[in-house]
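# Observations on the three-dimensional arrangement
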Amino acid sequence: MSTLFTPLSLGKLSLDNRIIIAPMCQYSADNGKVTHWHDMHLGNLAQSGAGLLIIEATAVEPEGRITYGDVGLWDDETEAALGKTLKAVRSHSEMPIAVQLAHAGRKASCEKPWLGGHALSPDHENGWQVSAPSAVPFRDGDPIPEAMTKSRIAEIIQAFVEAAERSVRLGFDAIEIHGAHGYLLHQFLSPHANKRDDEYGGSFENRTRIVIEIYDAIRKAVGTDYPLGIRISATDWVEGGWDIDQSVALAKLLKDRGCDFIDVSSGGLHIDQQIPLGPNYQVPFAARIKAETGMTTIAVGLITEAEQAEAITFTGQADAIALARGILYDPRWPWHAAATLGAEVKAAPQYLRCQPRTLKKLFG
């Protein structure tokens, strides 16, 4: 039996298999509101046979968007738009759907990637003033972010809570807090971006404070039984920054608080990062966190082959694997993996007749 296609629980949420669709920004929203592109995009992925679909980074306030095309969940209009898309997708799919709640911090106010992806100044028609732990831009020449006051930090925490409450009201099956890839929470974690001298900067305890406060506030709002996890960058890939030792320590703090899962990525904070790209290059980080904390752990990054994913879960390096670019390239990746591994996968009744004649049990 394939380990990859055995059930997995994220807290109280049961998944049919251990393939997770990672959040992938589409930069196609209208003032935070999802559009028909998202109906098509998410509807397609919801027919993939994966165990869980996590929708793209969803900003908790307008200033938290990476670009002006990002999805948001900060008011009744953004909630209503997302609700319509979820209703459409779920009318034809039973796949669990989670949301990733995010704030881009100093990496906000950018152009869409296919239009250059550069930072936009506050006076640009599609830009705004960005804020961050400290007045340190991501790149030299980028607009200088405003260092957050304590009252501004409190506003951000409340924005995460309110977005979480909207997520529950919409019926999302789980929430993932975005603490990775150089965005706001990662900026607080890393000494390279966090130069504060108050209780939110300096020591490990202080740099992790906002992450713990956001987790605790969301947990209080959604209840102890609601599946709640986090995505982190395990390392900055730059000396003197956030690293795997600190990631393990943070994971232990979150595990003690009842965090249901941790999604382990890396990088994104510093332009001088040196990433040794290759198959499974981030899996050792997930493996160490799982081994030292016992938390349900998701591995990501250049996992492209069925046998590769099977080996990760079979050997216990991670409990699940997440696909991003790979499943955009092959939206039926779980079908093909099940065929390769001799496993079964769910398919919509409209697609049952496409089952290959040599794979009579692929769709159960």
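None of the values given here were measured: they were computed from a predicted structure. (Residues numbered from 1 in each chain as written. Predicted model: local features only at pLDDT ≥ 70, side-chain atom pairs only at ≥ 80, totals over all residues. Heavy atoms only, no water.)

## Quick word on the overall build of the chain
- Per the secondary structure count, the chain includes 11 helices and 12 strands.
- The globule rule puts the C-alpha radius of gyration for 364 residues at 21 Å, and the 20 Å found for the chain is close to it.
- Overall, the C-alpha framework of the chain stretches about 65 × 40 × 40 Å when taken along its three principal axes.
- Looking at the chain as a whole, 59% of its 364 residues are labelled buried.
- Residue pairs at least 24 apart in sequence account for 70% of intrachain contacts in the chain once pairs closer than 6 positions are excluded.
- Total accessible area on the chain is roughly 15,300 Å²; 51% of this is exposed by carbon and sulfur atoms.
- Of the charged side chains in the chain, 34 are positive and 45 negative, and the gap between their average positions amounts to 6 Å. (Helix = DSSP H or I, 4+ residues; strand = E, 2+ residues; numbered from the N terminus. Rg over C-alpha atoms; globule rule 2.2 N^0.38 Å. Buried < 20%, exposed > 50% of the residue type's maximum accessible area, 1.4 Å probe, protein only. Contact = heavy atoms within 4.5 Å. Areas by Shrake-Rupley, 256 points an atom, 1.4 Å probe, with all protein chains shown as cover. Lys, Arg positive; Asp, Glu negative; His and termini not counted. Charge placed at Lys NZ, Arg CZ, Asp CG, Glu CD.)

## A look at helix H6 (residues 209-222)
- The end-to-end C-alpha distance of H6, which contains 14 residues, comes to 20 Å, matching closely the 20 Å that a straight helix rising 1.5 Å per residue would cover.
- Listed as buried for H6 are Ile210, Val211, Ile212, Ile214, Tyr215, Ile218, Arg219 and Val222.
- The elements touched by buried residues of H6 are helix H3 (150-170), strand S8 (174-179), helix H4 (184-189), strand S9 (228-233) and helix H7 (244-256).
- Note on H6: the residue one or two positions beyond its end, Gly223, has a positive phi of about 95°. (Expected span 1.5 Å × (residues − 1).)

## A look at the side chain of Thr208
- Structurally, Thr208 is set in the loop between helix H5 (204-207) and H6.
- The exposure class assigned to Thr208 is buried, which follows from its relative accessible area of 2%.
- At 2.9 Å, the side chain of Thr208 forms a polar contact with the backbone oxygen of Phe204. (Polar contact = N/O pair within 3.5 Å; in protein donor to acceptor, adjacent residues only side chain to side chain.)

## Topic: empty space enclosed by the protein
- In the structure shown here, the tally under the stated rule is two cavities of 30 Å³ or more.
- The computed volume of the largest cavity comes to approximately 50 Å³.
- In terms of lining residues, the largest cavity is bounded by Ala57, Ala59, Gly64, Arg65, Ile66, Asp70, Val71, Ala102, His103, Ala104, His178 and Tyr183.
- Split into classes, the residues belonging to the lining of the largest cavity amount to seven nonpolar, three polar and two charged. (1 Å grid on protein atoms, 1.4 Å probe; cavity = no way out; pocket = protein on both sides within 12 Å on 5 of 7 lines; lining within 4 Å. Points joined across faces, edges and corners; volume = space filled by probe spheres on them. Nonpolar A, V, L, I, M, F, W, Y, C, P; charged D, E, K, R; others polar.)

## Looking at the packing of aromatic side chains
- Scanning the entire structure with this criterion turns up six aromatic pairs.
- Ring geometry for Tyr27 against Trp114: centres 6.2 Å apart, planes inclined by 75°, an arrangement best described as edge-to-face. Taken together, the residues span a long stretch of sequence, with Tyr27 in the loop between strand S3 (19-21) and helix H1 (36-45) and Trp114 in the loop between strand S5 (97-102) and strand S6 (131-132) at a distance of 87 residues.
- Given a relative accessible area of 14%, Tyr27 falls into the buried group.
- Residue classification places Trp114 among the exposed positions, given a relative accessible area of 55%.
- Seen in terms of ring centroids, Trp335 and Tyr351 are 6.1 Å apart; in terms of plane orientation they differ by 75°. Their pairing is edge-to-face. (Phe/Tyr/Trp six-rings, centres within 6.5 Å; stacked < 30°, edge-to-face > 60°.)

## Describing the sheet that holds S8
- If you walk around this closed barrel you meet the eight strands as S3-S4-S5-S8-S9-S10-S11-S12, and the pairing is parallel. Within this sheet the neighbouring strands show an average axis-to-axis angle of 25°, counted without direction. (Pairing = 2+ DSSP bridges. Axes fitted to C-alpha atoms, helices over the stretch in contact; angles between N-to-C directions.)

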